[in-house]
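# An overview of the molecular structure
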Amino acid sequence: MRTPLLIAAVLVLLAGVPPFLDLGLQNALVNVLIASLFALAFNLLVGQAGLLSFGHAAYFGVGAFATLHLMRVVEDGFGFPTPLLPLAGAACGLVVGAIAGFFATMRSGVYFALVTLAIAELFHALAPRWQGLFGGEAGLSSMRMPWQGVTFGSTLEVYYLALAWVVVSICLLWAYTRTPFGRLTLALRDNEQRVRFLGYDAHATKVIVFAISAMFSGIAGSLQAMSNEVANYSLFSSHVSAQVVLHAFVGGSTVFFGPLLGAAVFTLFAYLISDLTRSWLLYQGLIFVLVMLYAPTGIGGVVQYHARHWQRLDWSRLAGPYALGSLGGVLVAAAAVFLTETLSVLFDEPYAVARRDAGGAFPPFAAFGTGWDPLSPLTWLLPLALFGVGLYVLTRARRAIGEEWEAIRSAPTAAAAAAAAASRAGS
Amino acid sequence: MEFIIISTLNGVIYGLLLFMVSAGLTLIFGMMGILNFAHASFYMLGAYVGYTLAALVDFWVGLIVAPLLVGAVGILVERYMLRRVHAFGHAHELLLTFGLALIFEELIKLFFGDFPVNYRMPDELQFAAFTVFGTDYPFYRLFIGAVAVIMFVALFVLLARTRIGIVVRAAERLPRMAESLGHNIPLVFMGVFGVGAALAGLAGAVAGAYFPTNPNMALELGVIVFVVVVVGGLGSLKGSLVASLMIGLFSSFSIGLDWSLASLLGLVGLGDWAESVGGLFTMTLSSVSGTIPFLLMLVILLVRPAGLMGDRN
Amino acid sequence: MRRLTALLLASTAVAMAAPAQAEPLRIGIIESLSGSQTSTGRLYSAAVQYGVDIINAAGGFNGEPIEVIEYDNAGGSTGAADEFRQAVADGIHIVFQGASSAVAGQITEDVRRHNIRNPGDEVMYINLGAEAMSLTGDQCHFYHFRYATTAPMRVNALVNAMAAAGELGTRVFSINQNYSWGQDMQTAIEDAAAAGGYEVVEAVLHDVNSIQDFAPYVARINAADPDTVITGNWSNDLLLLMRAASEAGLDVRFGTTFLDQPGNIANAGDTAIGHYLANNYVPDAGPAEFNDAYRDAVGHYPIFVEPPTIFAVGALAEALEQVDFGGGDIDVSAIALALEAVVYESPVGPITVRAEDHQTIRPVVVSHVVRGAAYPVDDTDLGFEVVGVVSGEDAIYPVQDSCEMERPD
C-alpha cells in the first residue's frame, strides 16, 4: 500500500521541516493547518451527508471565542493546561452545532443552505453589539500562558501544538467515516428516503453529523484563537464561510483528503503571492468557477480518478497530451494574469495621476519588471496571442486526453484479461 | 405623526427597490430552482454600467442600455455556465453562481477601484416632489418607486395575460409536458434568466444614482434580497412584493424605536433585573435592527418554508 | 516576490551568512492594501514613504537608509495578526498603522505580547489614525504612540470653534456609528455639552457602513429640530447622511470629523458647503511650502490622513537624531524614550507626547467647506477654509484612569 507510506512521509516533513523555515512561513503553515482542519470539518457535512452549509463561520467563531474566554481565565490564574485549550472550542462548537443543527437540518437542499447562512449572519450582526460575550467590535484578547515549562511564546511551539491537534482531529474524522454511523451518513446523502424506511431517524442522524462537524470547526477556530490570541466578530463574516466552501470544493468534496488539499494549496498560495498582486481574490474566484465548470469533483476528485485507474494508465501515451494540456493551461493563465495586472495598473489611481501629469496622454506603465506602452498594439496583442494559442493547444490536448481515457475505460482490466486468458486456456 | 408619515413613505420606497431586485431572483428560483448568489451582482453591474454611460453619454441612455447589457450577461451565464453544470444538481449551480459573485465583485474593483463612484441622477430629476411638515420629499425617490410599480404591473401582465406568460408558467409547473408540446424549454429558461438579470440591472441603474454605488453594494443588498425572497415565498412574485414592503417599512421604522427587551420586561416589573443582566436585554431595537431580517428569515424557513405566499411543495 | 524568494532559499537550504554591516532601521506599514478599504491604506503608505524619503535623503539612520516594507492586512484584524508576525520575521523595528481601530487593537496587543516575550528585542507601534479611546486606555502600553486626535479632542475643538463663529446653536443632535469610535464620539458630544452651552436633543447610534438609506434618520433628526448635527461618521455613512439631509431640505449645520476623506466632497457637491470639519490639518491651515513640497513629491496636496502621518514620521526623525547606535544593533526602547521627549513643530503648532498614556497633545484644525477655496479638493471648486486652530492644550483631555503603563527600566 502506497497511501500509508505517503501519509507517513507527509507527517515526517510536517514535523521536521518547520524549524528550518523563517517565521513568516511557519506562521503561514499554522494557517494552512487550521484551514485544512476547518475544510475537513466542513466537508463532513457536505461531502458525507450532502448538506451544503453557507454559514460555517458561526461554529469556527464560536470555537474561537470559547477558547479565548478560557484563555482569559487561565491568564488570571486558573490552572488549565494550555495545550488542552481547544477542548473549550470543541465543547462549545458541539453544543452550538447541536442546537443550530437541530433547526437547520429540519430543511434540506437550498433551504438548509439558507438557514445556515441566516444563523451565521445573526452571529455576525449580534457579536459587535454584545460587549460582554463577544467583546464588542474590538473583540477579546488574551495571551497564551506557559505550561509545564513550555512558554508557547514562539510561532514554532504554536505550530507543533496545532499540528498535534490537527493530526488527531483528522484521524478522528477519518475513523468516523469508517464507523457504521459514518456509513449511515453516506447513505443519507445518497438516498434519504431509503435510510428512513430502514428504520433510522434521519433527522437525529443529521443533527449528530452537524454537531460533529461544528465541533471540529470549533477546534479549528480554537487553534486560530490561540495562534492570534484575539477573536472578534469578523470571524463570523460571510468571507470566512465563503473561504471554506471554496477550499472544500476546489480540493474536491467527494474525496476525504480533497478539502485538505484545497485548503493547503489556497492558503499557502495566498501567502506566497499576496505581496505580488492585489488581484488574488479575483484569481481565486476564477479558479473556483473553472473548477466548478470543468472539474466538478475538484483536484482531489481528479487525483482519485487517476489513482483508481492506476493499473491501467499507460503514461507513455498519456504524458504527451498531459504536457500539451499543461502548456495550454499555462498560456491561458499567463494571458489572464497579464491582462488582469495590466488593467489593475491602468485603472489604478497612480496611473491617473501619471496621466494628469502627462497632460492627458497615456504614458507607458511598468509591469512584470519592464515598461509597456498602453497605446502600442503589441501590449494587447501579446495577451490575445497567448490566449488564442493557449486555447487552441488546450482544446487539442483535451481531445487527445479524452480519447486516451476512452481507451483506458473501455479496455479490460489486467486481472480480467488474465482471467479471460486462463479460461480460454482451460477450455 | 410626522415621523410616521415620512417613515411610511421611505419604507415603501425602499421596499419597492428591494422588490425590483428580488423580482428577478424569485422568478429564476421559481422556474429553475436555482438560488442565484450572483443576482445582487447583476444589480451592481447595472449600477456601474449606468454610471459609466451617464459619464460618457447620458443618464437616460444608461438607463436603457444597462438592463439590456446586464440581461445579455445573464443569458451568457445561463447558456454557457449554468447549463453546463445543471447535470450535477442544484448545489453545484448554487456554488457556480457563488463563484461568479466573487468574480464580479473583484472585476468591479479592478476597473472602478474600491471607493464608491460618483453616480448621480441628472439635474432635471433633482427637485423636491412635495413638502410635508417642512421636509422636502425628493422626486427621485418617487421615480424609483414608480419604476418598480411599472415593473411589477408589466411582469404581472406578461405572466398572467400573454401567451409567453402561459408558456413560461407551463415550463415552471410541468417542464416535461411543455417540452413535449413543442415548446423550447431551454430557450424559455435562458429567457427568464436573462429577464431576471435585466430587471436587476435596471434596478441598479435606477437606484445606483440615488443609493451608493460601490463594490460592496452586491454583498450588502444580496443577503437582504435573499431574506425578501425567502419570506415572500421562493417563486412568488406577489409574495416578494409583500415581503419587500414589509422589510422596507420595518427598517424604516425600527430606526426610530428605542425599545429593548429590558423596556419590554419593565412593563411586567422585571425592568431592573434585565438592566442588571445587560447583554441581550439592553440592546435597543434600533441598534440591532440589522439582525431582525435574518431572524425573520430563520423563523419563516423553520415554520413555513414556503414563505408567506409561496406554494407548498 | 519577497516571500517566494524566502521559500526558495529555505527549500534549497541555503543559509546565507549576513555580511557584517550596520543594521538598518526597518519600518513596516501594516495597512489594508487589498480588499474593500484600500484607498485609505494607500494614503498612509504614500505619506510614510514621503517622510522616510526625507530622512534617507539626509543620510538615513545608523549609517544605512531606512527600509520601508508594506504589509497587506486585507482589511481585517486576522490578516493584521499574520502580517505582524511576518513583519517580526522580517526584523521590523517600528510598525505604522492607522486605518481601523479593530486592526489597531489587534496590533497593539500583538506588540505588547511580543515585547513581553522578547525583552531586548522590542517592537514599537506608531498609531497614525486609530482613534478608539481604549488604545490609550486599558490597552495602553509603553511601545504604542498615538499620533492622531481622539474623539474628545475633535469634539472639543469643533464645539469651541463653531460656538465662536456663532454657528453652533443650542440644540445638538448626535448621530454616530455603533462601534467604539462612534460610541466615543457620542460620549464626547454629551460631555462637551456644558462647556459648549448646548443641549444634546437626541443621540443615535446606527449600524456601520451597512445602511443604504438614511432618510429615516433624517426624519428623526427633523423631528428633533436641532441647530447642529455632530457626527463622527466616515465613508459612505457620512456621505449618505449628508445627502439625505440636503434632499430633505433640512436646515442644519453638520459638524464632522471625516469630511475630508477623498471623494466625499465630489460626491456631496454643493450640499457640503458650510459644513464643519475638525481634523489634524487642512492645506489651508499651513504654509504653502509644506503643501507644495508634498505635492511635488506625491502628486497631490496632503489630505485626509496624510498630514498626521507626515507629522508622525517627522517626529520620529527628530527622535532618531537624539539616539546613536554607532552602526550597531538598534535599541527600540531608546528610540521610544527619545520620541517621548520630542516636541515636533508641525505647520499648525507643536505636537508632544503625553508620557502617561502616549497620546499626542496636538492642535486640532477646524475648517468649513467653501466655494473657491485656496486648495480645492476632488477636482471641484470646493475646499476647506480654516475657521480656527485649537491648540493642543485646549483640546486635550485628562489621562484615562484605565491606563496603567509599565515603563522599561
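Residues numbered from 1 in each chain as written. Chains lettered and ligands numbered in written order. Predicted model: local features only at pLDDT ≥ 70, side-chain atom pairs only at ≥ 80, totals over all residues.

## A look at the overall build of chain A
Threshold: Here a helix means four or more residues in a row that DSSP labels H or I, a strand means two or more in a row labelled E, and each is numbered from the N terminus. Remark: C-beta atoms are placed from the backbone, and a residue is labelled buried if 20 or more other C-beta atoms sit within 10 Å of its own, exposed if 12 or fewer do, or partly exposed between those counts. By definition, residue pairs are in contact when their C-beta atoms, positioned from the backbone, come within 7 Å.
In terms of helices and strands, chain A carries 18 helices and four strands. Out of the 427 residues belonging to chain A, those deemed buried represent 43%. When contacts within chain A are restricted to residue pairs at least 6 apart in sequence, long-range pairs at least 24 apart make up 78% of them.

## Some remarks on the overall build of chain B
Within chain B, the secondary structure is distributed over 13 helices and two strands. Out of the 313 residues belonging to chain B, those deemed buried represent 53%. Partitioning the intrachain contacts of chain B with sequence separation of at least 6 by distance along the chain shows that 76% fall at a separation of at least 24.

## Section: the nonpolar core
This is how the line gets drawn: A set of buried residues drawn from Ala, Val, Leu, Ile, Met, Phe, Trp, Tyr and Cys, joined through C-beta atoms within 7 Å, is what defines a nonpolar core.
Counting residues in each nonpolar core, the largest one holds 337 residues, and the members touching the most others are Leu37(A) and Val95(C). The biggest single contributor to this core is helix 2 (residues 23-48) of chain A, with 17 residues. If near-sequence neighbours (up to four positions away) are discounted, Leu37(A) is found in contact with Val166(A), Ser169(A), Ile170(A), Phe216(A), Ile219(A) and Ala220(A).

## Notes on the interface of chain C and chain B
Where we set the bar: Residue type decides the class: Asp, Glu, Lys and Arg count as charged, Ala, Val, Leu, Ile, Met, Phe, Trp, Tyr, Cys and Pro as nonpolar, and the leftover types, Gly among them, as polar.
Contact residues are listed per partner, giving 24 residues for chain C and 25 residues for chain B. A total of seven residues in the side of chain C that touches chain B trace back to one element, the largest contributor, which is helix 8 (residues 215-224) of chain C. Counted by class, the side of chain C that touches chain B contains nine nonpolar, eleven polar and four charged residues.

## Some remarks on the domain arrangement of chain A
Residue and element names in this part refer to chain A. Put simply, the rule is: Note that the domain bounds reflect an automated or database-derived domain assignment.
The assigned domain composition of chain A is domain 1 (3-298) and domain 2 (309-411). A separation of 34 Å is found between the C-alpha centroids of domain 1 and domain 2. Contact with domain 1, which involves five residues of that partner, is made by four residues of domain 2. Across the side of domain 1 that touches domain 2, the residue classes break down as two nonpolar, two polar and one charged.

## A word on the sheet that holds strand 15 (residues 382-390) of chain C
Two strands in a sheet stick together by hydrogen bonds in their backbones, pointing the same way (parallel) or opposite ways (antiparallel). Residues and elements named next belong to chain C. The condition that has to hold: DSSP bridges decide pairing: two strands pair if at least two such bridges lie between them. Note on method: axes are straight lines fitted to C-alpha atoms, helices fitted across the in-contact stretch only, with angles between N-to-C directions ranging 0 to 180 degrees.
Sheet architecture is open: seven strands sit in the order 7-6-8-9-10-14-15, paired in mixed fashion. Strands with a single pairing partner mark the edges of an open sheet, and in this sheet they are strand 7 (199-206) and strand 15. Averaged over all pairs of adjacent strands, the angle between their axes in this sheet comes to 25°, without regard to strand direction. Sheet analysis places strand 6 (residues 171-177) next to strand 8 (residues 228-230), joined by three bridges and oriented parallel. From the neighbouring strand, Ser174 faces strand 8, where its bridge partner is Ile230.

## Things to note about the interface of chain B and chain A
Tallying the contact residues gives 38 residues for chain B and 36 residues for chain A. The set of elements that each furnish at least two residues to the side of chain B that touches chain A consists of helix 3 (59-85), helix 4 (90-112), helix 9 (217-232) and helix 13 (292-303) of chain B. Residue contributions to the side of chain B that touches chain A peak at 14 residues, all from helix 4 of chain B.

## Remarks on the sheet that holds strand 12 (residues 349-353) of chain C
Residues and elements named next belong to chain C. Taken together, the three strands give an open sheet; going across it, the order is 11-12-13, and neighbouring strands pair in antiparallel fashion. Looking at strand neighbours, the two that pair on one side only are strand 11 (343-346) and strand 13 (360-361), the edges of this open sheet. Relative to strand 13, strand 12 is paired through two bridges, and the arrangement is antiparallel. Paired with Val353 across the strands is Thr360, a residue of strand 13. Where helix 12 (residues 306-322) meets the sheet, it contacts strand 11 and strand 12, and its direction lies at approximately 140° from that of strand 11.

## Regarding helix 13 (residues 280-294) of chain A
As a reminder, the rule being used: In this analysis, the expected span of each helix is defined as 1.5 Å times one less than the number of residues it contains.
A rise of 1.5 Å per residue sets the reference length of helix 13 of chain A, with its 15 residues, at 21 Å; its end C-alpha atoms lie 21 Å apart and thus fit the reference within 8%. What helix 13 of chain A keeps buried is the set Leu282(A), Gln284(A), Gly285(A), Phe288(A), Val289(A), Val291(A) and Met292(A). Turning to helix 13 of chain A, the residues buried within the fold contact helix 11 (238-251), helix 12 (258-273), helix 14 (298-308) and helix 15 (315-346) of chain A together with helix 3 and helix 4 of chain B.

## Focus: the packing of helix 15 of chain A against helix 17 (residues 377-410) of chain A
Residues and elements named next belong to chain A. Test applied: Should an angle lie under 35 degrees it is considered roughly parallel, over 145 roughly antiparallel, and from 65 to 115 roughly perpendicular; all remaining angles are considered oblique. For a crossing to be left-handed, the near helix must be turned anticlockwise from the far one by less than a right angle; the clockwise case is right-handed.
In the contact formed by helix 15 and helix 17, the axes pass within 7 Å of each other and the chain directions differ by 155°. With respect to helix 17, the element helix 15 is oriented roughly antiparallel. Every pair of crossing elements has a handedness; the one defined by helix 15 and helix 17 is left-handed.

## What about helix 1 (residues 2-32) of chain B?
Residue and element names in this part refer to chain B. Note the cut-off: We define the bend at any residue as the angle between the axes fitted to the seven residues before and including it, ending there, and the seven starting there.
An ideal rise of 1.5 Å per residue puts 45 Å on 31 residues; helix 1 measures up with 45 Å between its terminal C-alpha atoms. A bend of about 35° at Ser22 is the largest found in helix 1. For helix 1, a buried count of 24 out of 31 residues is recorded, marking the element as mostly surrounded by other parts of the structure. Directly after helix 1, the chain includes Gly33, whose backbone phi takes a positive value near 70°.

## Points about the packing of helix 11 of chain A against helix 13 of chain A
All names here are of chain A. As a packed pair, helix 11 and helix 13 sit with axes 10 Å apart at the nearest point and diverge in direction by 45°. As far as their axial angle goes, helix 13 and helix 11 are oblique. With respect to the hand of their crossing, helix 11 and helix 13 are arranged in left-handed fashion. Residues Leu246, Phe249 and Val250 of helix 11 form the contact with helix 13, whose participating residues are Gln284, Ile287, Phe288 and Val291. By residue class, the composition of the contact of helix 11 with helix 13 is six nonpolar, one polar and no charged.

## Re the environment of Val343(C)
Residue and element names in this part refer to chain C. Mapping Val343 onto the fold places it in strand 11. On the basis of neighbour counts, which here come to 11 C-beta atoms within 10 Å, the residue Val343 falls in the exposed class. Each C-alpha atom of the pair Val343 and Val229 lies 35 Å from the other, and the pair is 114 residues apart in sequence. With near-sequence residues (within four places) excluded, Val343 lies in contact with Pro350 and Thr352.

## A closer look at unusual backbone geometry
Non-glycine residue Glu229(A) carries a positive phi angle of around 60°. Relative to the elements of secondary structure, Glu229(A) occurs in the loop between helix 10 (202-228) and strand 2 (230-231).

## Some thoughts on the environment of Pro408(C)
All names here are of chain C. If you trace the backbone, Pro408 turns up in the segment after helix 14 (392-395). In this structure Pro408 comes out as partly exposed when scored by C-beta crowding, with 14 C-beta atoms within 10 Å. Each C-alpha atom, one on Pro408 and one on Phe142, is 7.8 Å from the other, the two residues being 266 residues apart in sequence. Excluding residues within four positions of it along the chain, Pro408 makes contact with Phe142 and Ser333.

## Digging into the confidence of the model for chain B
Residue and element names in this part refer to chain B. Rules: Confidence per residue, as judged by the predictor, is encoded in pLDDT with a range of 0 to 100.
Looking at chain B as a whole, its pLDDT mean stands at 81, while 87% of the residues score no less than 70. Across chain B, the element-wise mean pLDDT spans from 63 in helix 12 (residues 271-277) up to 91 in helix 2 (residues 39-56). Our summary of model confidence lists the complex with pTM equal to 0.85 and ipTM equal to 0.84.

## Quick look at the environment of Val73(B)
All names here are of chain B. Of note, Val73 is situated in helix 3. The sequence separation of Val73 and Asn118 amounts to 45 residues, and the corresponding C-alpha distance is 24 Å. The residues touching Val73, leaving out its near neighbours within four places in the chain, are Leu45 and Ala197.

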